[in-house]
Amino acid sequence: MVIFGATGDLTHRKLIPALYNIAVSGDLPPQFKVVGFARRDKPDEVFRRELLEANAKHSRQQHNDELWGSFAQSIHYHRSEFEDTEGYMALGKLLDEFDKERGTTANRLFYLASAPEYFDQIMKQLRAAGLNKGVGDRWARVVCEKPFGKDLKTARHLNEVVSQTFHEKDTYRIDHYLGKETAQNIMVLRFANSLFEPNWNSRYIDHVQITCAENLGMEGGRGGYYDTAGALRDMVQNHLFQLLTLVAMEPPTDLSADSVRDEKVKVIRALRPLIGSEAVGQSVVRAQYTAGSVDGVSRVGYRQEDRVNPESKTECYVALRLFVDTWRWQGVPFYIRVGKQLPKKATEISVHFKKPPQVPFATSKMIPDSENTLIIRIQPDEGISLRILCKQPGQALFVQPVKMDFHYSNSFGKASPEAYERLLLDAMAGDATLFARRDEVEHAWKFIDEIEKAWHESPTPPAMCEYPAGSWGPKEADELLRQDGHEWRRL
Amino acid sequence: MPATLDIDLSILGQEVPLGRVDRELKKLWDSDEAKTRSSLMNFAIYSENAADLERNNKLLEEITSEVACRAMLILCQPDGAEPKARAWINALCRPYQGKQIVCSEQLSFYLEGGNAAQVQNIVFAHLDSDLPLAVWWQGDLTSNFEERFYSEIDRLFIDSAQWHNPTAEFEMLENAYSSDTSNFEVHDLSWTRSHFLRAALAGCFQDAVALKKLPLVEQIEITHAPGQRVAALLLAAWIAVRLGYDMDDTAKEIRFTKPNGGTVNLALHEGVPGCSLQQLVLTGPELRAEVRRDPASVFVRVCASCGDHENTEMLPADAESEAELITSQLSRAHGTSLYIEMVPMLREMLAKV
């Protein structure tokens, strides 16, 4: 496995700890090698030492020096500029040497963890060096990290570049949300339980909410990238649309990657387009945070953050009301919100069922104004809750909401693997089910582009709202739901 | 730490960093194999008086022994200079089938320099999601009682008897209740305390002879404990609203006009320390309905006389302790809109006393 951008944050925080955990679990292929490809000059030992520190800090399973010592022997460093043809030739030689050492040819997985502007160069150079083809009957695959483009045009361009180098079946566009246990469990919950699927439609479901709340801002210099992207591009186009598709998709005919992805694409294609400033203004709220406090710690406003343009027009909060124009979902709003500097970190989907007629209780005021709600917690504390109404113990008929809770952490008695562990193994095993397909990405961008256009190109763009850091977002986002008779779920 | 917090904070449990409350709670439960966490709602006590911290901590223990909830203790001191916040977690366990195994969890927050935004951002970020939030706001409704606070609440407990300026406080309450973003029910302990009197008075008029005389009432007299005048006025407002009276704007004192003509005078008497409401008497031609509770008694004497016809009985009175009042309300689930319907009349009455 060759990691481009090996000195970056993703490699240290996610990729190496994931590989270490796979190794500890005994699932790493024998004689596995990791090559870190980056521009800075450093010997293998220095690179390994840096990764050791990161692994001790970020590994899901406790870091063990002995196990690390064994795993670290498989880690190597290769210095090269991304555009340097010689560097790729040398990389090819290094991989050939490994093959010779092992007395066999190896499969090759190229992981693009670098900034997206280098994707073009890396693809071109891999092709030029002949590294895009497997040796003999071995495969060569590429994993692309997000962001996969910044709009439809750039995504199409990237897809073209990638497709000139790797076949679509060997291209894995990663979205780590899909590697989370609960996200994977959505299909199981829906299609393996006869309780839910018959009710999973506009007849019984009132609306759906997807919330991705972060209690951090632009720490660690993240403002530089974020200010060029914004919440819509950074989170909605990929992570939240992936969750939306899992909730709204039709049952696939089988669990093959393409059957599942066919159904997911249909959902994106069925999203009612939001075209023009007025339509966007009615269904989308964008906002920036102002100074406030989170967890009792003072936070500056978005425009005062490090590496953020003081006159920035980039949204760090967005709320959308979407409709999936299919038979199943006609008239059911899907509300999505994502934001920085909110009071807590949580990603959750809540499915709000319609209220029953309650004829037997019609004369009683003892029924609370609440509906059955199914909550799918993606992170943290992955699990599922179902809110139902129950009679309170006692002589009188008082009804109260109660929760039935399932927690991954304690129900199975062992920790779930990290998303990257699952996705790396899938990429090695050739299972693309949990990766985005080209048409999926392009359709998502097509939808998002119209909103961006209304925000940045319209002569009368919808307003940029504000919310204090530490609050649950702007009042306008509350109003978006209130006009439909709904309110955001209290997390 | 300010001088006002001169108490042993270890009574609140284990202090945890604010950003780790949820993780530490999880650890607390994971480390204990034999206990069951139970929760039906979020129940918070909000106070701006540090001297009440220990008492409130005990109250929460009593309340959670009856009602399973995520209990929260919020001590907010808005006058502090620099905003600072601290948090504690604790498990409150009670016996079930002879063992201490059913537990509620308690989160305590001390918000120095805390404002409504801090309460919303810090405290309400740690609610047990998807369960109702009941808040007992102790003392006057201060500037922290604003939209960011009350818009989160499902059930608001207050005690109007503790208010220093009831006219202004009731106005705040009414404005909050009618706000577009609020959706809470009000439970006023001062009103709840009159439950036994209301039930007993209704009992007086179950008698058909007495009921027929009810429109003849001309005088309402209420005797209340010192400092419980608002409770007496609430009771009078209830009678007026239920009987369709209007305020007589021409009178300087509190006087009602009846729907069928005629007026009803209200007289308030301050009694002795003890139970908040001690006597209620309705009088008119050939009518005297009296409900009396001796200050130290747990019984209520109910007497209705209409001419020669007289009916007397003794009924048990409700408990008056704060914990009992709260748990009885929490166990009853949902309230009625009657209380809030009385508030406009109550405010008119307050303007005259």
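Residues numbered from 1 in each chain as written. Chains lettered and ligands numbered in written order. Predicted model: local features only at pLDDT ≥ 70, side-chain atom pairs only at ≥ 80, totals over all residues.

## Section: the overall build of chain A
- Helix and strand content of chain A: 15 helices and 18 strands.
- For 491 residues, the compact-globule formula gives about 23 Å, and the C-alpha radius of gyration of chain A, at 24 Å, lands near that figure.
- Along the first, second and third principal axes, the C-alpha atoms of chain A reach 80 × 55 × 45 Å. (Helix = DSSP H or I, 4+ residues; strand = E, 2+ residues; numbered from the N terminus. Rg over C-alpha atoms; globule rule 2.2 N^0.38 Å.)

## Description of the overall build of chain B
- Scanning chain B from terminus to terminus reveals 11 helices and 17 strands.
- When its C-alpha atoms are laid out on the principal axes, chain B stretches across 70 × 45 × 35 Å.
- Of the contacts made within chain B by residues no fewer than 6 positions apart, 73% connect residues no fewer than 24 positions apart. (Contact = placed C-beta atoms within 7 Å.)

## Quick word on the pairing of strand S15 (residues 383-391) of chain A
Residue and element names in this part refer to chain A.
- Direction of pairing for strand S14 (residues 373-379) relative to S15: antiparallel, over a ladder of five bridges. Bridge pairing in S15 links Arg 377 to Gly 383.
- The antiparallel hairpin formed by S14 and S15 contains three residues in its connecting segment, where Asp 381 sits at a positive phi of about 50 degrees.
- Where S15 meets strand S16 (residues 399-407), nine bridges bridge the pair, whose relative direction is antiparallel. Residue pairing for S16: Arg 387 is matched across the bridge by Lys 403. (Pairing = 2+ DSSP bridges.)

## Notes on unusual backbone geometry
All names here are of chain A.
- Pro 147 follows Lys 146 through a cis peptide bond whose omega is 5 degrees.
- Checked against the element boundaries, Pro 147 lands in the loop between strand S5 (140-144) and helix H6 (152-165).
- In this structure, Pro 380 follows Gln 379 across a cis peptide bond, with omega equal to -15 degrees.
- The residue Pro 380 is located in the loop between S14 and S15 in this model.

## Regarding the interface of chain A and chain B
- Across the contact, 27 residues belong to chain A and 23 residues belong to chain B.
- Ranked by residues supplied to the side of chain A that touches chain B, first place goes to S16(A) with five residues.

## As for the sheet that holds S16(A)
Residue and element names in this part refer to chain A.
- Spatially, the nine strands line up as an open sheet ordered S16-S15-S14-S13-S7-S12-S11-S8-S18, and their pairing is mixed. The sheet is open, and its two edges are formed by S16 and strand S18 (464-468), each paired on a single side. Taken over all neighbouring pairs, the strand axes of this sheet differ in orientation by 20 degrees on average, direction set aside.
- On the sheet, helix H9 (residues 231-248) packs against strand S7 (205-213), strand S11 (317-323), strand S12 (333-339), strand S13 (346-353) and S14 and is oriented at approximately 140 degrees with respect to S12. (Axes fitted to C-alpha atoms, helices over the stretch in contact; angles between N-to-C directions.)

## Some words on the sheet that holds strand S1 (residues 2-4) of chain A
All names here are of chain A.
- Spatially, the seven strands line up as an open sheet ordered S3-S2-S1-S4-S5-S6-S17, and their pairing is mixed. The open sheet has two free edges, formed respectively by strand S3 (75-79) and strand S17 (435-436), since each of these has just one partner strand.
- Two elements, S1 and strand S2 (residues 34-38), share three bridges in a ladder whose sense is parallel. For Ile 3, the partnering residue across the bridge sits in S2 and is Gly 36.
- Taken strand by strand, helix H2 (residues 44-58) contacts S2 and S3, and its axis lies near 120 degrees from that of S3.

## Considering the environment of A:Asp306
All names here are of chain A.
- As for its position among the elements, Asp 306 is in the loop between strand S10 (297-299) and S11.
- Judged by the 13 C-beta atoms lying within 10 Å of it, Asp 306 falls in the partly exposed class.
- In sequence terms Asp 306 and Ser 409 are 103 residues apart; their C-alpha atoms lie 36 Å from each other.
- Look past the residues within four positions of Asp 306 in its chain and what remains in contact with it is Met 218, Gly 221 and Gly 223. (Buried ≥ 20, exposed ≤ 12 C-beta atoms within 10 Å, placed from the backbone.)

## A look at the domain arrangement of chain A
Residues and elements named next belong to chain A.
- If you check the domain split of chain A, you get domain 1 (2-177) and domain 2 (180-414 + 438-482).
- A straight line from the C-alpha centre of domain 1 to that of domain 2 covers 33 Å.
- Listed per partner, the contact involves 14 residues of domain 1 and 16 residues of domain 2.
- Per-element tally for the side of domain 1 that touches domain 2: the top contributor is H6, with four residues.
- When its residues are assigned to classes, the side of domain 1 that touches domain 2 shows five nonpolar, two polar and seven charged. (Domains from an automatic or database assignment. Nonpolar A, V, L, I, M, F, W, Y, C, P; charged D, E, K, R; others polar.)

## Details of the environment of A:Tyr408
Residue and element names in this part refer to chain A.
- Mapped onto the secondary structure, Tyr 408 falls in helix H12 (residues 408-411).
- The class of Tyr 408 is partly exposed, set by 18 C-beta atoms lying within 10 Å.
- For the pair formed by Tyr 408 and Gly 383, sequence separation is 25 residues and the distance between their alpha carbons is 5.3 Å.
- Not counting residues within four places of it along the chain, the set of residues in contact with Tyr 408 comprises Glu 181, Thr 182, Glu 382, Gly 383 and Ser 416.

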